[in-house]
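Listed below are the residues making up each chain.
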Amino acid sequence: MNDINCPNCNTAFKIDEAGYAAIQKQVRDSQFEKELNNRLTLAEQDKVNAIKLAEANIKNSLQDELTRKDNQLTSLKAESSVKLTSELAKKDSEISEMKSQINSAKIEKELAVSTALKIVEKERDGLVNDLKLKESENQLQEKALQEQFTNKLSTKDETIKNRNEEISRLKDFKQKLSTKMVGESLEQHCEIEFNKLRATAFPNAYFEKDNDSSGGTKGDYIYREQDEDGNEIISIMFEMKNENDETATKKNNADFFVKLNKDRIDKNCEYAVLVSLLERDNEFYNTGIVDVSYKHDKMYVIRPQFFIQIITLLRNAAMNSMKYKAELNLMRNQNVDITNFENKIDAFRKGFAYNYDLASRKFKIAIDEIDKTISHLNKTKDALLSSENNYRLANNKADDLSIKKLTHGNPTMKAEFEKLHIK
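Treat the numbers as computed from the prediction; the structure is a model and nothing was measured.

> Hey, could you go over the side chain of Ser276 for me, with residue numbers and the actual values?
Summarising the element assignment, Ser276 is placed in strand β6 (residues 271–276). Its relative accessible area of 0% is what places Ser276 among the buried residues. At 2.4 Å, the side chain of Ser276 forms a polar contact with the side chain of Asn253. Here Leu278 takes part through its backbone nitrogen, which lies 2.9 Å from a polar atom of the side chain of Ser276. Discounting chain neighbours no more than four positions away, the residues touching Ser276 are Lys241, Asn253, Val301, Ile302, Arg303 and Pro304.

Right, here's the structure in full:
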């Protein structure tokens, strides 16, 4: 242990070796740090002084260099002044020439651009006019199509509306009628629709109820039409069928085909048409005019709204065959004329032969009577008179016979004899 006195209070205290060593270390560290700080301060001062010296040296060096450079620049300026002036003059000349070329090129370019621009503007104006024309045409077409579509749509809507109203009216109307009255009303409907157009569209047509039941049955209506020469254009046997919704026994259209075909044949009609409201939910019969000729020849089934259309359709088709019908009737008439002529000749021959035979027999009787007896003279006289009279009649018939009379009412034979110049 060592005794140590405090320098401040002079108090003595003891400390072991470890503590003493620690204090010594603190003292050494404090002195070292102080010495280090002093040296650092001196070093910093030396650094500042060195920097200032270096700055002064650099400044002086730079000043000298700057002076040298200024001298060189002045010399260079003096040397290049003449050269520069010459170069500038040359450059100005080149620039002037280039400007002239540029102006010429610019003028040519502007002229070319102006020409091209005019062509492009002309083409543009043409395209604009074409485009405007096309737009106008498209607008007109679009407007026309729109109007057409609107009209068709309006017509379609009106037709649908009318059909719906007609369906509703018929349904309401059918509910109020008996089964018999429904059928009669359908006939009346068709007759009224035909009479509306009879005077204008069908002036030469016959359309009446079929009242002839000689064949066992009869249809409802017969339509016939002839041309001005009396040749038949078309003939149709109509049958109208309908029934109430409340009718217990429902009929089908096919149930009436056999009878309708028989009525057509019996009444010598060309076509048969069934106007029907039967099977109203059957799409086959709701399509319009239905051809059922695969079952019976020249037979159709229609709804009431197609009544006039079927007549017009068949009538127009028949008009196309009128030429052949007329030629056929002409041939038939010629055959009838020839037959009538032959009949007249045959009748004359038979009449003449009869009178001649009768006269011959009377004459023979008279001769026999004269030869037998004079007493029979009166009887012979009567026979001779009778014979003379028959001869006279036969002679008169022979004298009265002429081509004119034989061909009377027979234009065909008259024309043939006129060709031969026979009167």
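After presenting the structure, the write-up continues.
> Report on the nonpolar core, specifying residues and quantitative values.
Among soluble globular proteins, nonpolar side chains are generally buried collectively. Tyr223, Phe238, Val273 and Phe307 are the most contacted members of the largest nonpolar core, which has 27 residues in total. Breaking this core down by element, the ones donating at least two residues are α2 (179–201), β3 (205–209), β4 (221–226), β5 (232–241), β6, β8 (299–302) and α5 (307–320). With six residues, α5 is the single largest residue contributor to this core. Once residues lying within four places of it in the same chain are set aside, the contact partners of Tyr223 are Phe194, Phe202, Ala205, Tyr206, Phe207, Ile234, Ser235, Ile236, Phe238, Ile311 and Arg315. Counting residues in each nonpolar core, the second largest holds 12 residues, with Met237, Ala272, Tyr285 and Met299 among its members.

> Lay out the sheet that holds β6 with the relevant residues and their values.
Pairing between sheet strands relies on hydrogen bonds along the backbone, with the strands arranged either parallel or antiparallel. Spatially, the six strands line up as an open sheet ordered β3-β4-β5-β6-β8-β7, and their pairing is mixed. With one partner strand each, in any of the chains shown, β3 and β7 (290–291) form the two edges of the open sheet. As judged from the six bridges shared by β4 and β5, these two strands associate in the antiparallel manner. Within β5, the position partnered with Tyr221 by the bridge is Phe238. Strand contacts of α5: β3, β4, β5, β6 and β8, with the helix running at about 155° to β5, the strand carrying the most contacts.

> Requested: an account of the packing of aromatic side chains, with residues and values cited.
Within the structure shown, the criterion is met by 10 aromatic pairs. Centroid distance Phe238 to Phe307: 5.1 Å. Interplanar angle 55°. Geometry classified as tilted. Linking Phe238 in strand β5 with Phe307 in helix α5, this pair joins segments that are 69 residues apart in sequence. Seen from their ring centres, Phe284 and Tyr285 are 5.0 Å apart, and the 70° between their planes marks the pair as edge-to-face. Relative accessible area serves as the criterion here: at 7%, Tyr285 is assigned to the buried category. Grouping aromatic residues by their ring pairs yields a cluster made of Phe194, Phe202, Phe207, Tyr221, Tyr223, Phe238 and Phe307.

> Hey, could you go over the pattern of salt bridges for me, with residue numbers and the actual values?
Per the counting criterion, the structure on display carries 10 salt bridges. In this structure, Glu193 and Lys196 form a salt bridge, with 3.2 Å as the shortest nitrogen-oxygen distance. Here the residue Glu193 and the residue Lys196 both occupy positions in helix α2, the gap between them amounting to three residues, near one helical turn. Overall, Lys196 belongs to the exposed group, its relative accessible area being 58%.

> Now, about unusual backbone geometry: what can you tell me, with residues and values included?
One non-glycine residue with positive phi stands out, namely Asn268, at about 55°. For Asn268, the location among the structural elements is in the loop between α3 (257–266) and β6.

> So, the pairing of β6: which residues are in play, and what are the values?
The buried fraction of β6 is high, at six of six residues. Of the two faces of β6, both are covered, the one formed by Tyr271, Val273 and Val275 as well as the one formed by Ala272, Leu274 and Ser276. With six bridges connecting them, β5 and β6 associate as parallel partners. From the neighbouring strand, Phe238 faces β6, where its bridge partner is Val273.

> So what's going on with the confidence of the model for the protein? Residues and values would help.
Per-residue confidence for the protein gives a mean pLDDT of 75; residues scoring 70 or more make up 66%. Note that residues 175–181 has pLDDT below 50 and, in this model, eight contacts with residues that lie over four places away or in other chains.

> Before we move on, could you go through the side chain of Arg303 and cite the residues and values that matter?
Topologically, Arg303 is positioned in the loop between β8 and α5. Although Arg303 is buried, it makes no salt bridge; Glu279 carries the closest opposite charge, 7.1 Å away. Here Leu278 takes part through its backbone oxygen, which lies 2.8 Å from a polar atom of the side chain of Arg303. Apart from the residues within four sequence positions on either side, Arg303 is in contact with Val275, Ser276, Leu277, Leu278, Glu279, Arg280, Asn282, Tyr285, Asn286 and Gly288.

Quick notes on the rules
Residues numbered from 1 in each chain as written. Predicted model: local features only at pLDDT ≥ 70, side-chain atom pairs only at ≥ 80, totals over all residues. Heavy atoms only, no water. Helix = DSSP H or I, 4+ residues; strand = E, 2+ residues; numbered from the N terminus. Buried < 20%, exposed > 50% of the residue type's maximum accessible area, 1.4 Å probe, protein only. Polar contact = N/O pair within 3.5 Å; in protein donor to acceptor, adjacent residues only side chain to side chain. Contact = heavy atoms within 4.5 Å. Core = buried A, V, L, I, M, F, W, Y, C linked by side-chain atoms within 4.5 Å. Pairing = 2+ DSSP bridges. Axes fitted to C-alpha atoms, helices over the stretch in contact; angles between N-to-C directions. Phe/Tyr/Trp six-rings, centres within 6.5 Å; stacked < 30°, edge-to-face > 60°. Salt bridge = Lys/Arg side-chain N within 4 Å of Asp/Glu carboxyl O. pLDDT = per-residue confidence, 0-100. Lys, Arg positive; Asp, Glu negative; His and termini not counted.

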